[in-house]
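Here is what each chain is made of, one letter per residue.
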Amino acid sequence: MLVGHRTYQRQTLFLVFFVFSLLLVVMLGRLGYLMIYKAEHYGALAKELHERERTIKAERGKILDRNGNLLAGNVSVSTISVIYSQIKEPEKVIEVLAKELEIEEETIRKKVEKKSSREKIKSNVPKEISDRIREYRLAGVTVDEDYKRHYEYGSLGSKVLGFTGGDNQGIVGLEVFYEKYLKGMDGAILTMTTASGMEIKNGAEDRVEPISGWTLNTSLDLNVMQYANQVANTLLEKKQAKTVEIIIMNPQNGEIYAMVNAPEFDLNNPYELLGESEGLTEKERSDRLNNQWRNLAVSDTYEPGSTFKVITTAAALNKGVVTMNDTFSCPGYKIVEDRRIRCHKTTGHGHETFCQGIMNSCNPVFMEVGARVGVDGMFEEMKQLGVMNKTGIDVPGEAGTIMHKQQNVGAVELATMSFGQSFQVSPIRMITSIATIINGGKSITPHFGVSAVNSDGTVMKKFTYEEGDQVLSEETSREICKALEMVVTEGGGKLAAVEGYAVGAKTGTSQKLPRGNGKYIASCIGFAPVENPQVIALVRIDEPVGLYYGGTIAAPAISTVYTNILPYLLE
């Protein structure tokens, strides 16, 4: 019995030893696996646990005009923060930051005494102030570099350029449309921390450098913008108008040299309301700001009035239903179904050719021509000339055309459409369609963006636009150009003339809804030189006081703008 008992003990001990050895081998194997094969993974986790990331803002890409002039750039600013674990002289930190940043001491104290890894005191601190704070050499106070958007010319082109928010992200205009090219890639400072998240004093830092955004080269021209802006503001003041819009474009390729929306707002203070702002509710203030930032040349619609007669002319000539020498009679009105629709010259123009009808801007002539084209023909030609579609311009918020449904258009609607009433288009749509008519009949896409380049000047992206379709014959285009030149030399657009240059133009005057309210929009679209158009411009004056005819107040604005810019652009 004793021998058997001893044998049993030896077997038990052996089994225990075997199991223990097996567990030891497994544990050593697991340890080896973790130490050798998973070392990098767990090292990264440990590092992540004990690192705190501070962002280094990337410099936003600049926006330049076509000659390399800086329109939107950056100024150096800083973000001031405090690190609780590193502060040695809390009272001095509170005193200095309160004085330099003009913040209440109690506000600073709460952040200085808070046991956290980092407390931000203030962002967008001007460089001269942050430099002074650095000179104090205060332990526990960090000054991190940052950038703030700066617009070189204040309000110039405000509704085209747009602006950025507190995080330097585009809000409206080109700033938001080209955000992915302009924004760059932020860097970071990685600081070692304790398990509780407190930064370790004198701990090592890793730095990931930021990558600057790309510079946006545009078709805008600073000189043209300034001339147009001056004319728009003069009109705004003299005519006490609600708004004035001016678009200046190359009709051959759609490059926009200037787009003015007066009154403009200060891009460096975009949240400052124009005009009286006391007593506004938060919603009223928000609505006012949104309206202030709207690019009306793109986002607004209006009845184009007689400027649309250029499109009716193109449709009729393209369909072959009229020639420039066809004759008409204008008694001062035309009866359409049960409506008596008058001409602006109530005594009538008498007998006139179609070309003279264009020069005289005669409504009865265009009602007759519209009837010849017909509803289906008019809609077909409007689609061809882009009237029914958005232009695809490279800023957000483009408005679409507001047009009758084709099946609902009767004789009266067709008559009023033919001379530019009873529907609405945007200013950019209007000028683009007429550019197509006078450039040889080739459709274009209006645009600002030309290219994006990196910090060393390498072109990273060249913006391309759809090749234009030939929607009108070159012969018809030339014929219309000559007729519009006669509008200036002999017709209702005489005040658009520019000495030394052949200018073509068409004026328009439309009454705002509801009819009879006494509010009008005066407009004029002009181009030069007639034989090979290189510049086209639109002036729109909303609710002028006093004289409100396009030929009287908008045509002279075209002349003034062209007198300044044609020698410069066509040299």
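Residues numbered from 1 in each chain as written. Predicted model: local features only at pLDDT ≥ 70, side-chain atom pairs only at ≥ 80, totals over all residues. Heavy atoms only, no water.

**Digging into the overall build of the protein chain**
Consideration 1: Helix and strand counts for the protein chain come out as 18 helices and 19 strands.
Consideration 2: When the 571 residues of the protein chain are sorted by exposure, 50% land in the buried category.
Consideration 3: Within the protein chain, contacts between residues separated by at least 24 positions form 71% of all contacts whose residues are at least 6 apart in sequence.
Consideration 4: In the structure as shown, the protein chain presents an accessible area of about 27900 Å², 51% of it carried by carbon and sulfur atoms. (Helix = DSSP H or I, 4+ residues; strand = E, 2+ residues; numbered from the N terminus. Buried < 20%, exposed > 50% of the residue type's maximum accessible area, 1.4 Å probe, protein only. Contact = heavy atoms within 4.5 Å. Areas by Shrake-Rupley, 256 points an atom, 1.4 Å probe, with all protein chains shown as cover.)

**As for the packing of aromatic side chains**
Consideration 1: Considering all chains together, one arrives at 14 aromatic pairs under this definition.
Consideration 2: Pairing F328 with F354 gives two aromatic rings, centres 6.2 Å apart and planes at 55°, and the pair type is tilted. Highlighted residues: F328 in strand β11 (residues 327–330) and F354 in helix α13 (residues 354–360), separated in sequence by 26 residues.
Consideration 3: Judged by relative accessible area, F354 falls into the buried class, the value being 0%.
Consideration 4: Ring pairing ties together the aromatic residues F177, Y178, Y181, W214 and F463, which thus form one cluster.
Consideration 5: The positively charged end of R540 is found above the aromatic ring belonging to Y302, 4.9 Å away from the centroid. (Phe/Tyr/Trp six-rings, centres within 6.5 Å; stacked < 30°, edge-to-face > 60°. Lys NZ or Arg CZ within 6 Å of the ring centre and 35° of its normal.)

**Things to note about the side chain of T313**
Consideration 1: Secondary-structure assignment places T313 in helix α12 (residues 309–319).
Consideration 2: Discounting residues that sit within four places of it in the chain, T313 has contacts with M324, F354, I358, F366 and I480.

**Let's talk about the side chain of K159**
Consideration 1: Of note, K159 is situated in helix α6 (residues 158–161).
Consideration 2: Here K159 is buried and forms no salt bridge, its nearest opposite-charge partner E264 lying at an N-O distance of 5.3 Å.
Consideration 3: At a separation of 3.3 Å, a polar atom in the side chain of K159 contacts the main-chain carbonyl oxygen of Q292. (Lys, Arg positive; Asp, Glu negative; His and termini not counted. Salt bridge = Lys/Arg side-chain N within 4 Å of Asp/Glu carboxyl O. Polar contact = N/O pair within 3.5 Å; in protein donor to acceptor, adjacent residues only side chain to side chain.)

**Some thoughts on the pairing of strand β16 (residues 459–462)**
Consideration 1: Here strand β15 (residues 449–453) runs beside β16; their pairing, made up of 3 bridges, is antiparallel. Its bridge partner lying in β16, V453 is registered against V459.
Consideration 2: The hairpin formed by β15 and β16 contains 5 residues between the paired strands, and G457 there has a positive phi angle of roughly 90°. (Pairing = 2+ DSSP bridges.)

**Things to note about unusual backbone geometry**
Consideration 1: Following L513, the chain continues into P514 via a peptide bond in cis, with omega recorded as -5°.
Consideration 2: Its location among the elements puts P514 in the loop between β17 (504–511) and β18 (520–528).
Consideration 3: Put simply, A528 and P529 share a cis peptide bond, and its omega is -15°.
Consideration 4: With respect to the helices and strands, P529 occurs in the loop between β18 and β19 (535–542).
Consideration 5: Residue E102 is not a glycine yet carries a positive backbone phi of 55°.
Consideration 6: Within the secondary structure, E102 is located in the loop between α3 (90–101) and α4 (105–112).
Consideration 7: Taking the relative accessible area as the measure of exposure, E102 reaches 74% and is therefore exposed.
Consideration 8: Even without glycine at this site, S361 takes up a positive phi of about 55°.

**Comments concerning the sheet that holds β19**
The strands making up a sheet are joined through hydrogen bonds of the backbone, oriented either antiparallel or parallel.
Consideration 1: A sheet is described by the order of its strands in space; here 5 strands give the open sequence β10-β9-β19-β18-β17, paired in antiparallel fashion. Looking at which strands have only one partner, the edges of the open sheet turn out to be β10 (256–262) and β17. The sheet shows a mean angle of 5° between the axes of neighbouring strands, taken without regard to direction.
Consideration 2: With 7 bridges joining them, strand β9 (residues 243–249) and β19 adopt antiparallel strand pairing. Its bridge partner being in β19, I247 is matched across the sheet by L538.
Consideration 3: Packing against the sheet, helix α16 (residues 427–438) makes contact with β9, β10, β18 and β19, and its axis sits at approximately 150° to β19. (Axes fitted to C-alpha atoms, helices over the stretch in contact; angles between N-to-C directions.)

**Observations regarding a negative patch on the surface**
Consideration 1: Where like charges cluster on the molecular surface, the negative patch consists of E95, E104, E105 and E106.
Consideration 2: Tracing the backbone through its elements, the reader meets E105 in helix α4. (Patch = residues over 30% accessible without salt bridge, like charges linked within 9 Å, V, L, I, M, F, W, Y side chains within 5 Å. Charge placed at Lys NZ, Arg CZ, Asp CG, Glu CD.)

**A few points about helix α5 (residues 127–135)**
Consideration 1: For α5, the set of buried residues is I129, S130 and I133. Take α5 and look down its axis: the buried residues cluster within an arc of 95°, on one side only. Seen from the buried face of α5, the exposed residues on the opposite side, beyond 90 degrees, are E128 and E135.
Consideration 2: Among the residues trailing α5, R137 stands out with phi positive, at a value near 50°. (Arc of directions from axis to C-beta.)

**Quick notes on the pairing of β9**
Consideration 1: The buried count for β9 comes to 7 of 7 residues, which makes it a mostly enclosed element.
Consideration 2: Along β9, one buried face is formed by T243, E245, I247 and M249 and the opposite face, lined by V244, I246 and I248, is buried too.
Consideration 3: Relative to β10, β9 is paired through 6 bridges, and the arrangement is antiparallel. Residue pairing for β10: I246 is matched across the bridge by V260.

**Some points on the nonpolar core**
Consideration 1: Core analysis: the biggest nonpolar cluster contains 123 residues, and I248, M259 and Y562 have the highest contact counts within it.
Consideration 2: The leading source of residues in this core is helix α18 (residues 550–569), at 10 residues.
Consideration 3: Ignoring any residue separated from it by four or fewer positions in sequence, one finds M259 in contact with V160, I246, I247, E264, N295, A297, V298, I393, I428 and F448.
Consideration 4: Core analysis: the next-biggest nonpolar cluster, separate from the first, contains 18 residues, I80, V82, V93 and V96 among them. (Core = buried A, V, L, I, M, F, W, Y, C linked by side-chain atoms within 4.5 Å.)

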